[in-house]
Amino acid sequence: MTTTTTSTPAEERHEIGARDASGRYPVAVDGKPGGHIHRFHGEWYARAHGHTEESRHDDRHAAAAHLVELVDSGATDQAATPAAAAPPQGIVPWLAPRLKPTRRNILSAGIALGRIAELAWLPEDEYGNTTGYPGSDNPWTLKCLLSGHHVVRWWSHLRGRNGDNRPRPEYRHEGCIPFEDQAAKVAVLVGEPPTSCPCLKVTHPTTAEDVEKLLERAERARKADDADTLRPVLTQLLAPCPASSARAESMKTFLPKPKSKN
């Protein structure tokens, strides 16, 4: 027996839900789970229910419409129980997999990681996975060390603007400890960061000279596609260290100087 289905526009068949803690939007197709979509660097990506591959699209509705197409083609089983997707793996966990380990991305990541440590945030999702620096204008799941909540933030907001490094907004998130108690607790948690690396297994750079040497090694390894050499170098430049603030300050010396308005 053949059943005839009347075709309706894809936009009438999908529903985009609220963004979750990882920055992804669940998509229902005909009222059933179809997958999820998310935005990264101005483009949208779709992942079908039960799949690991992602497809790239120009906007959110095009991404959701692609999930409708996959459902219609039988490529996704809407009745299956959704499995928790394993986080994508990069060369090191402190840099998002989609960000190439270029000199500028390494510097931006190191500076961001140093600053969020000063603000008592931890780059971690609700499953305990390290969340790598994703770029300044992409959602970043962080753990608030004041409350234990996992919250999506953007580095462009946390770093402040025009020389004012106060996070925007200054309050941390809904459900955090009272605003008037936050600064004192951050101070207790962070303390006075050391100016040199005290780590035993890995020596992290805290001077501009040492940072530059490692950046040059990283660039040579990247161009040679030598992951075995690149991985330990990135670990020195990005891995957690009590002296990550000093490392970040040294990294800032290598950022391009702002152009003069004169």
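Numbers given to residues run from 1 along each chain, matching the order in which its sequence is written. Reporting of local features is limited, given that this is a predicted model, to residues whose pLDDT is at least 70; pairs of side-chain atoms are given and counted only at 80 or more, and all residues count toward the totals for whole chains, interfaces and linings. Values shown for side chains rest on all heavy atoms present in the structure; no hydrogens or waters enter the calculation.

> Describe the sheet that holds strand β7 (residues 140-144), with residues and values.
Spatially, β6-β7-β8 is the arrangement adopted by the three strands of the open sheet, whose pairing is antiparallel. The open sheet has two edge strands, β6 (121-122) and β8 (150-153), and neither has a second partner. The pairing of β7 with β8 spans four bridges and is classified as antiparallel. The residue bridging L142 from the neighbouring strand is V151, located in β8. Two residues qualify as a contact provided that any one of their heavy atoms is within 4.5 Å of a heavy atom in the partner residue. Fitting a line to C-alpha atoms yields each axis, with helices limited to the stretch in contact; the angle taken between N-to-C directions then spans 0 to 180 degrees. By the criteria applied, helices consist of DSSP H or I runs no shorter than four residues and strands consist of E runs no shorter than two, each listed in order from the N terminus. Contacting β6 and β7, helix α2 (residues 103-118) runs over the sheet at an angle of about 30° to β7. By this definition, two strands are paired if DSSP reports at least two bridges between them.

> Please give an account of the side chain of R172 that cites residues and values.
Summarising the element assignment, R172 is placed in the loop between α3 (155-158) and α4 (179-190). Within the local environment of R172, its side chain forms a polar contact with the backbone oxygen of A120, the two atoms lying 2.9 Å apart. With residues up to four places along the chain from it excluded, the contact list for R172 reads L119, A120, W121, C144, L145, L146, R153, Q182 and V186. Residues adjacent in sequence count toward polar contacts only when both atoms are side-chain atoms; beyond that, a polar contact is any pair of N or O atoms within 3.5 Å, and within protein one must be able to donate a hydrogen and the other to accept it.

> I'd love a proper account of the sheet that holds strand β3 (residues 32-40), names of residues and values included.
Taken in spatial order, the five strands of this open sheet run β1-β2-β3-β4-β5, and their pairing is antiparallel. For this open sheet the edge positions go to β1 (14-16) and β5 (55-57), each flanked by a neighbour on one side alone. Here the average twist between neighbouring strands, direction ignored, is 30°. As paired strands, β1 and strand β2 (residues 25-29) are joined by three bridges and run antiparallel to one another. Looking at β2, one finds that I16 is bridged to V27.

> Lay out the pattern of salt bridges with the relevant residues and their values.
By convention in these notes, a salt bridge is any Lys or Arg side-chain nitrogen within 4 Å of a carboxyl oxygen on Asp or Glu. One pass over the full model with this rule turns up 11 salt bridges. Notably, a salt bridge pairs R98 with E54, separated by 2.1 Å at the nearest N-O pair. With a gap of 44 residues between them, R98 in the loop between α1 (60-73) and α2 and E54 in the loop between β4 (43-48) and β5 connect regions that are remote in the sequence. The cut-offs for exposure are 20% and 50% of the maximum accessible area for each residue type, with area from a 1.4 Å probe on protein chains only; residues under the lower value are buried, those over the upper are exposed, and the others partly exposed. A residue is classified by how much of its surface remains accessible, and R98, at 36% relative accessible area, is partly exposed.

> Which residues make up the nonpolar core, and what values do they have?
Counting 40 residues, the largest nonpolar core has I116, W121, Y133, W140, W155, L237 and L238 as the members making the most contacts within it. Mapped onto this core, the elements with two or more residues apiece are α2, β7, α3, α5 (208-223) and α6 (227-238). In this view, L238 contacts V92, W94, L95, I106, A109, G110, L113 and R247; residues no more than four positions away in its chain are not counted. Side-chain atoms within 4.5 Å are what join buried Ala, Val, Leu, Ile, Met, Phe, Trp, Tyr and Cys residues into a set we call a nonpolar core. Counting residues in hydrophobic clusters, the runner-up holds 13 residues, among them W44, A46, A63 and L67.

> Report on α2, specifying residues and quantitative values.
One less than the number of residues in a helix, times 1.5 Å, gives the span that helix is expected to have. Relative to the 22 Å expected for 16 residues at 1.5 Å per residue, α2 spans 23 Å between its end C-alpha atoms, a close match to the ideal helical length. Of all 16 residues making up α2, 12 are buried, and the element is well covered by its neighbours. At its buried positions, α2 is contacted by β6, β7, α3, α5, α6 and α7 (244-252). A120 lies just past α2 and shows a positive phi near 65°.

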